[in-house]
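# Residue-level structural notes
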Amino acid sequence: SPSSPAPPATAPSDPRCSKERALAAAMYSGRGLDEQACSPQVTFTDPVARCSGRREVSEAFRALTFCRPEHVEAPRANFIDDLTSTVDLHQRYFSCALLPSGLVVRSTLLVRRRAADGLVCELEERWNGALLFGWVAFRWARRVNGMLSSLLTPLLLR
């Protein structure tokens, strides 16, 4: 269940990115975004949406709680450089009596920090580790989806 501790990761996390691991663990277990760890202009991008600013990103992870997120394995952080790390995620969503195994997803969360203050400025989720399509049409569609989601989920998911 989301409130029980996650099973141990298959490999240890790099201790240099423990804050990034903790941020991702909270976001992807239904505990929401730690807004104090993020810049006011933080962005979150996945293959279907791009959210911009703390309010939109917070709403995306508030709405995620309705998907009943659980860690299949504890998130594992990887150091890239002083401002960039990744967190490997192995998640289950929508687990219920009708679908006990739920929807299981592996992804990689890229986390970037600002040099000036160390606040998280960019979060990019790559499903199955695949890079996001960079073409203008995909970027535009993700942004529109992010804005619409931010406006509609508070009305639909209470």
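Quantities reported herein were computed from a predicted structural model and do not represent experimental measurements.

Calculation notes
Residue numbers here run from 1 along each chain, matching the order of that chain's written sequence. Note on the predicted model: pLDDT of at least 70 is required for a residue's local features to be given, and 80 or more for side-chain atom pairs to be given and counted; whole-chain, interface and lining totals, by contrast, use all residues. Side-chain metrics in this entry use all non-hydrogen atoms of the structure; hydrogen atoms and water are not considered. When a carboxyl oxygen of Asp or Glu lies within 4 Å of a side-chain nitrogen of Lys or Arg, that pair is called a salt bridge. Exposure is judged per residue with a 1.4 Å probe applied to protein chains only, and the accessible area is read against the type maximum: over 50% gives exposed, under 20% gives buried, and values in between give partly exposed. A pair of strands is treated as paired once DSSP finds two or more bridges between them. Strands here mean DSSP runs of E at least two residues long; helices mean DSSP runs of H or I at least four residues long; both are numbered from the N terminus. Axis lines are fitted through C-alpha atoms, for helices just across the contact stretch, and the angle between N-to-C directions can take any value from 0 to 180 degrees. Residues are treated as being in contact if the distance between any of their heavy atoms lies within 4.5 Å. The patches described consist of residues with a relative accessible area above 30% and no salt bridge, like charges being joined within 9 Å and nonpolar side chains (Val, Leu, Ile, Met, Phe, Trp, Tyr) within 5 Å. Exposure was quantified through the Shrake-Rupley algorithm and a 1.4 Å probe, taking into account, for residues, occlusion by the shown protein chains and nothing else. pLDDT runs from 0 to 100 and stands for how confident the predictor is about each residue. Here the nonpolar core consists of buried residues drawn from Ala, Val, Leu, Ile, Met, Phe, Trp, Tyr and Cys, with membership extended through side-chain atoms lying within 4.5 Å.

This paragraph deals with the pattern of salt bridges. Applying the stated rule across the entire model yields ten salt bridges. Between Arg-114 and Asp-117 there is a salt bridge, with its nearest N and O atoms 2.2 Å apart. On the accessibility criterion, Asp-117 (41% relative accessible area) is partly exposed. Across the salt bridge formed by Arg-126 and Glu-124, the nearest N and O atoms sit 2.7 Å from each other.

Another point: the sheet that holds strand S4 (residues 84-93). With mixed pairing, the six strands of this open sheet are ordered in space as S2-S1-S6-S5-S4-S3. Strands at the two margins of the open sheet, each flanked by one partner only, are strand S2 (50-52) and strand S3 (70-81). Adjacent strand axes in the sheet meet at a mean angle of 15 degrees, parallel and antiparallel pairs treated alike. Here strand S1 (residues 38-45) runs beside S2; their pairing, made up of three bridges, is antiparallel. Its bridge partner lying in S2, Phe-44 is registered against Cys-51. The sheet contacts of helix H2 (residues 54-64) involve S1, S2, S4 and strand S6 (120-127), and relative to S1 the element is tilted by about 50 degrees.

This next bit is on a nonpolar patch on the surface. Taken together, the side chains of Leu-148, Leu-151, Leu-152, Leu-155 and Leu-156 define a hydrophobic patch exposed on the protein surface, amounting to about 520 Å² of accessible area. Among the secondary structure elements, Leu-151 is positioned in helix H3 (residues 136-156). Among the residues examined, Leu-151 registers a relative accessible area of 53% and is labelled exposed.

For the rest of this paragraph, the subject is the confidence of the model for the protein. Residue-level pLDDT values for the protein average 91, and 94% of them are 70 or greater. The spread of mean pLDDT over the elements of the protein runs between H3, the lowest at 90, and S1, the highest at 98.

Membership of the largest hydrophobic core comes to 23 residues, with the highest contact counts inside it found for Met-27, Tyr-28, Phe-44, Val-57, Leu-109 and Leu-123. Apart from residues no more than four positions distant in its own chain, Val-57 is found in contact with Leu-33, Val-42, Thr-43, Phe-44, Cys-51 and Leu-123.

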